[in-house]
Amino acid sequence: MPQLDHPVTVIIPWRPAPSRVPAFDFVVDWYARHLPEFRIQTIDTEDDVFVLAACRNRGIAAHDPDEVVVVCDADTLPEPEPLRAAVIAARTSGLVHLPYTEYHWLGREGDAQLRAGVPAAECDFELVIGACSGVYVTTPRTWASHGGQDERFRGWGFEDAAWFLAHNALLGAEPVRHEGNVYALHHAAEVRAGARYDANAALMERYRAAEGDREAMAQLVAGSGALSSS
């Protein structure tokens, strides 16, 4: 198993909500038990709604350009070995790393099993095909090189999928995956409807239209209000 010789910061975007507190507490405890060399730092913005992309951008930008940081959702558990491997590799690759090849959404039953002591890999789950969120490993320089995440996605929905397309088009490669799983805990689902969600969906369509076109994607990202290239 790869070992780290220095502490690594884990940035968790976090705005307390009653249904999410148990998952957040479990994630923090998971790091303490399984990844003690990782230190937790929460991040939020002053936006009137929770803007996940902005939290990620701000949290990453606060660190030295070539420092490797982990950005972890407040409901997602990484496995130690692939996460450590991703941290080592992300230092020099110029790409963002995803420390998993399978994203397991545990749901209510799998979550209950995990809390009862069943190993995460043995809990009931739903496999999320094409997942590209949950845990990112990057340097601020790499994150800025393709614009970070688009802060025009406000509330819930689409910022991860849009980022994935931007990464591919602007850096010429998909994020690097490391063999392993991440586990998403159960909590009340967010409302994915209404004017704000519709605006997010419309913006996502612009990303899909620019897929694979570096110039078109660069123009779209340039207007996002996210990080500029360094």
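Details of the structure are given in the entry above.
Below or above, wherever it landed, is the structure these notes cover. Being a predicted model, the structure only gives us computed values, none of them experimental.

### Concerning helix α1 (residues 21–34)
Given a rise of 1.5 Å per residue, 14 residues ought to cover 20 Å, and the 20 Å separating the end C-alpha atoms of α1 matches this to within 8%. Those residues of α1 that fall on the buried side of the exposure criterion are Ala23, Phe24, Phe26, Val27, Trp30 and Tyr31. The buried residues of α1 occupy one face: seen down the axis, they fall within an arc of 160 degrees.

### Looking at the packing of aromatic side chains
Under the criterion given, the structure shown has nine aromatic pairs. Consider the rings of Tyr100 and Tyr103, whose centres lie 6.1 Å apart with planes at 65 degrees: the pair is edge-to-face. We classify Tyr100 as buried; its relative accessible area is 1%. Judged by relative accessible area, Tyr103 falls into the buried class, the value being 11%. When the ring centre of Phe26 is taken as reference, the NZ or CZ atom of Arg33 above it lies at 5.9 Å.

### Description of the packing of helix α6 (residues 159–171) against helix α7 (residues 195–209)
Viewed as axis vectors pointing N to C, α6 and α7 meet at an angle of 20 degrees, and their least axial separation amounts to 10 Å. Classed by the angle they form, the pair α6 and α7 counts as roughly parallel. α6 and α7 meet at a crossing whose hand is left-handed. Across the interface between the two elements, Ala161, Ala162, Leu165 and Ala166 of α6 pack against Met204, Tyr207 and Arg208 of α7. Here the contact of α6 with α7 is composed, by residue class, of six nonpolar, no polar and one charged.

### Regarding the pairing of strand β1 (residues 8–13)
Among the six residues that make up β1, six are buried, leaving the element largely enclosed by the rest of the structure. Where burial is concerned, the two faces of β1 agree: the one with Val8, Val10 and Ile12 and the one with Thr9, Ile11 and Pro13 are both buried. Assessed by its sense of winding, the connection that carries the chain from β1 through α1 to strand β2 (residues 38–43) is right-handed.

### Structural notes on a nonpolar patch on the surface
Residues Phe125, Leu127 and Ile129 make up a contiguous nonpolar surface patch of roughly 310 Å² in combined accessible area. Here Ile129 shows up in the loop between β7 (126–127) and β8 (135–138). With a relative accessible area of 72%, Ile129 lands in the exposed category.

### Thoughts on the sheet that holds strand β10 (residues 181–184)
Spatially, the four strands line up as an open sheet ordered β4-β10-β6-β7, and their pairing is mixed. Either end of the sheet is taken by a strand with one partner, and the two such strands are β4 (76–78) and β7.

### Regarding the side chain of Glu37
Following the sequence through the fold, Glu37 ends up in the loop between α1 and β2. On the basis of relative accessibility, which here comes to 19%, the residue Glu37 falls in the buried class. When near neighbours in sequence (up to four residues on either side) are disregarded, Glu37 contacts Leu4, His6, Pro7, Val8 and Arg84.

### Things to note about unusual backbone geometry
With phi around 85 degrees, Phe158 is a residue other than glycine that occupies positive phi space. Within the secondary structure layout, Phe158 lies in the loop between α5 (140–145) and α6.

### Observations regarding the pattern of salt bridges
Going through the model one piece at a time under the given rule, you end up with 12 salt bridges. A salt bridge links Arg56 to Asp160; the shortest N-O distance between them is 2.6 Å. In this pair, Arg56 sits in helix α2 (residues 52–61) while Asp160 sits in helix α6, placing the two residues 104 residues apart along the sequence. One exposure class covers both Arg56 and Asp160, and it is buried.

What counts and how
- Residues numbered from 1 in each chain as written.
- Predicted model: local features only at pLDDT ≥ 70, side-chain atom pairs only at ≥ 80, totals over all residues.
- Heavy atoms only, no water.
- Helix = DSSP H or I, 4+ residues; strand = E, 2+ residues; numbered from the N terminus.
- Expected span 1.5 Å × (residues − 1).
- Buried < 20%, exposed > 50% of the residue type's maximum accessible area, 1.4 Å probe, protein only.
- Arc of directions from axis to C-beta.
- Phe/Tyr/Trp six-rings, centres within 6.5 Å; stacked < 30°, edge-to-face > 60°.
- Lys NZ or Arg CZ within 6 Å of the ring centre and 35° of its normal.
- Axes fitted to C-alpha atoms, helices over the stretch in contact; angles between N-to-C directions.
- Parallel < 35°, antiparallel > 145°, perpendicular 65-115°, else oblique.
- Left-handed = near helix turned anticlockwise from the far one by under 90°.
- Contact = heavy atoms within 4.5 Å.
- Nonpolar A, V, L, I, M, F, W, Y, C, P; charged D, E, K, R; others polar.
- Right-handed = clockwise from strand over helix to strand, strands pointing away.
- Patch = residues over 30% accessible without salt bridge, like charges linked within 9 Å, V, L, I, M, F, W, Y side chains within 5 Å.
- Areas by Shrake-Rupley, 256 points an atom, 1.4 Å probe, with all protein chains shown as cover.
- Salt bridge = Lys/Arg side-chain N within 4 Å of Asp/Glu carboxyl O.
- Pairing = 2+ DSSP bridges.

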